[in-house]
Amino acid sequence: QVRLVESGGGLVQAGGSLKLSCAASGSIFSINAMGWYRQDPGKQRDLVATITSESSANYADSVKGRFTISRDNDKNTVYLQMNDLKAEDTAIYYCNAQIIVRTYAYTGDFWGQGTQVTVSS
């Protein structure tokens, strides 16, 4: 079985910074793309940033220039450095990973349980 666990969420003031971490564990053969998504209550879960196994990153326009995604393949961990936070960044942030599972030899799409980020103005 595979699980993703996020950490680093919290309450910050507008203009502040926060760094999220997501560690994958379990029956992992390898990890392809990883990413961060966010969701407010009653809204669609939206892409924030993704990063390939070769560390090629893509960002949503709303966070470009403020957020930085990175990964440590040895630790099966993806990070999201969030700078110059705005009130509209408030959401639950979810970690996502495309993982080749050992047991069944297939590529699955896995999600963490989410971590709350609240930005006060």
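What you are looking at is a predicted structure, and each value in this text was computed from that prediction instead of being measured.

Rules behind the numbers
- Each chain carries its own residue numbering, running from 1 in the written order of its sequence.
- Confidence filtering applies because this is a predicted model: local features only for residues at pLDDT of at least 70, side-chain atom pairs given and counted only at 80 or more, and all residues used for totals across whole chains, interfaces and linings.
- In computing side-chain values, all of the structure's heavy atoms are included and hydrogens and water are not.
- Disulfide: a pair of cysteine sulfur atoms within 2.5 Å of each other.
- Working definition: helices are DSSP H or I runs of at least four residues, strands are E runs of at least two. Numbering for both runs from the N terminus.
- The cut-offs for exposure are 20% and 50% of the maximum accessible area for each residue type, with area from a 1.4 Å probe on protein chains only; residues under the lower value are buried, those over the upper are exposed, and the others partly exposed.
- We count Lys and Arg on the positive side and Asp and Glu on the negative side, and we leave His and both chain ends out.
- Salt bridge, as used here, is a side-chain nitrogen of Lys or Arg placed within 4 Å of a carboxyl oxygen of Asp or Glu.
- Any pair of N or O atoms that falls within 3.5 Å is considered a polar contact. Within protein, one atom must be able to donate a hydrogen and the other to accept it, and sequence-neighbouring residues count only if both atoms are side-chain atoms.
- Two residues qualify as a contact provided that any one of their heavy atoms is within 4.5 Å of a heavy atom in the partner residue.

Caption draft 1: Highlighting the state of the cysteines. In total, this model carries one disulfide according to the counting rule given. Note that Cys22 is cross-linked by a disulfide to Cys95, the S-S spacing being 2.0 Å. Across the S-S bond of Cys22 and Cys95 the torsion is about -85 degrees, and the bridge reads as left-handed. With Cys22 in strand S3 (residues 18-26) and Cys95 in strand S9 (residues 91-101), the pair connects residues that are 73 residues apart, well separated along the chain. Accessibility expressed as a relative area gives 0% for Cys22, which makes it buried.

Caption draft 2: How the structure looks around the side chain of Arg71. With respect to the element layout, Arg71 can be found in strand S7 (residues 67-72). One buried charged side chain, Arg71, makes no salt bridge at all; its nearest oppositely charged neighbour is Asp72, positioned 8.2 Å away. Polar contacts involving the side chain of Arg71 include one to the main-chain carbonyl oxygen of Ile31, which spans 3.4 Å. A distance of 2.9 Å separates a polar atom in the side chain of Arg71 from the backbone oxygen of Thr52. Sequence-distant contacts of Arg71, defined by excluding residues within four places in its chain, comprise Ile31, Asn32, Ala33, Met34, Ile51, Thr52, Ser53, Ser55, Thr77, Val78 and Tyr79.

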